[in-house]
Amino acid sequence: MRSRLRLLAITAVLLSIGCDEDELTYDDGGGIRVTTILAPDQGQFTMVSPVFELRCGSLDCHGQPGRPLRIYSGLGLRLPNDAGNLPGVNATTPDEIAENYYSVIGLEPEEMSRVVAGEDPPTDLLILAKPLMLESHKGGPAIAPGDTADLCITSWLLGAGLDTTSCAAAASGF
Amino acid sequence: MRRKHTLFSIALLSCSDPVTSGAINALPGEDPNIPIGEFHRAGQPCVVCHDPSGPASSSPFALAGTVFAQPQNTVGVDQATVAFTDSSGSSFTVQTNCVGNFFVWRPGFGAGAPTWNPEFPIFVRIFKNGLASTMQGQIGRERSCANCHYDADPTSLQIYSSAGHLHLYATSDTPPPPSNDCPVNPVLQ
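Presented here is an overview of the structure given in this document. Everything numeric in this text was worked out from a predicted model, so none of it was measured.

The subject of this paragraph is the nonpolar core. Residues V51 of chain A together with F61, V67 and V104 of chain B are the most contacted members of the largest nonpolar core, which totals 68 residues. A total of six residues in this core trace back to one element, the largest contributor, which is helix α3 (residues 45-56) of chain A. With residues near it in sequence (within four places) discarded, F61 of chain B still touches C46, V47, H50, F103, V104, W105, R106 and R143 of chain B.

What follows is the structure, encoded as structure tokens:
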């Protein structure tokens, strides 16, 4: 019995050494649990954001302030501003693209880290699983397996070279 | 015991979907000068009530809204055509009535009127007498145009999430006058 407990304890220690999540989550010293995210490239997201804006960000879907995965866009929800940018007035701003990036990577920070680390496939993330209807999605299928939106987002998540052709095609229409 | 059962039944009957009841409570009231029917509640989100789970479930709409003339007024546009195309390629057109209201019946309702069961997302275009206005984005899932197309309080953050009321003509256009033979006033008060 004692040897079995020792074996279990050693296994637990070995598993924890290989666990990225433990390294990414820590106490900030003030009792606040902080999760840092292994995230895909923010610069490349400038080409990925329009795909989320077009497929997900209409005012009746994720272009709503009260909904998870909040997406700002020129045609939809606008980040409060003094520049006169309203829905349908002026293009998506760099600040809005940055907010969209934080929405996308922050929806499931732990899972995003696992995907970027190559531990889990991109389809484990809700940002793909839901529009691909691998999980229930109120808005139905917003992306089809293998379509340009799928290829764009997946290539961005995998970090092995953004599929810019697919991103441009997906951002130009359905 | 029977009394307890009765009280429990009453409690159950008074329960309702808080989302639906909240949305209904947030609506402006009926205009006393307009009877309940095809001309009522112009500019309001029709499918809040005209939904299978709403209080007007006997007349459920797949899509519905109101076309007004211009951004700066709420004068209903009569006989405008609203043309929808859904993600499967299916199309449907409907005409506005004299207050600008239009509605698409769900299959199985409408007493013989054309019905449609669209697959979202939907693309939409409005036109009349050769003038057309196309919605730049798509309708992702909303059946009531007015849930996105409403006039927000300009001093509130709502202005960043409202596309303004639906309109066919631009601010600088001179639209045709409102219908003279409309049974109710087509100019929203």
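There's more to say after this.
Moving on: the environment of D60 of chain A. Tracing the chain through its elements places D60 of chain A in the loop between α3 and α4 (94-106). The spatial distance from the C-alpha of D60 of chain A to the C-alpha of D150 of chain A is 22 Å, given a sequence separation of 90 residues.

Moving on to the interface of chain A and chain B. Interfaces are often sized by the accessible area lost when the parts come together. Listed by partner, the interface residues are 17 residues for chain A and 16 residues for chain B. When grouped by side-chain class, the residues that make up the side of chain A that touches chain B number eight nonpolar, six polar and three charged.

Residues and elements named next belong to chain B. Of all the six residues making up strand β1 (residues 61-66), six are buried; the element is thus mostly covered by neighbouring parts of the structure. As paired strands, β1 and strand β4 (residues 101-105) are joined by five bridges and run antiparallel to one another. Note on β4: the bridge partner recorded for T66 is N101.

Restricting attention to buried positions, one finds in helix α5 (residues 109-116) of chain A the residues M112, S113, V115 and V116 of chain A. Considered in projection along α5 of chain A, the buried side chains sweep an arc of 165° and stay on one side of the axis.

All names here are of chain B. Spatially, β3-β2-β5-β6 is the arrangement adopted by the four strands of the open sheet, whose pairing is antiparallel. At either margin of the open sheet sits one strand with a lone partner, and together these are β3 (91-95) and β6 (131-134). Taken over all neighbouring pairs, the strand axes of this sheet differ in orientation by 20° on average, direction set aside. Relative to strand β5 (residues 122-128), strand β2 (residues 81-86) runs antiparallel, the two sharing six bridges. Looking at β5, one finds that D86 is bridged to I122.

Calculation notes
- Residues numbered from 1 in each chain as written.
- Chains lettered and ligands numbered in written order.
- Predicted model: local features only at pLDDT ≥ 70, side-chain atom pairs only at ≥ 80, totals over all residues.
- Core = buried A, V, L, I, M, F, W, Y, C linked by C-beta atoms within 7 Å.
- Buried ≥ 20, exposed ≤ 12 C-beta atoms within 10 Å, placed from the backbone.
- Helix = DSSP H or I, 4+ residues; strand = E, 2+ residues; numbered from the N terminus.
- Contact = placed C-beta atoms within 7 Å.
- Nonpolar A, V, L, I, M, F, W, Y, C, P; charged D, E, K, R; others polar.
- Pairing = 2+ DSSP bridges.
- Arc of directions from axis to C-beta.
- Axes fitted to C-alpha atoms, helices over the stretch in contact; angles between N-to-C directions.

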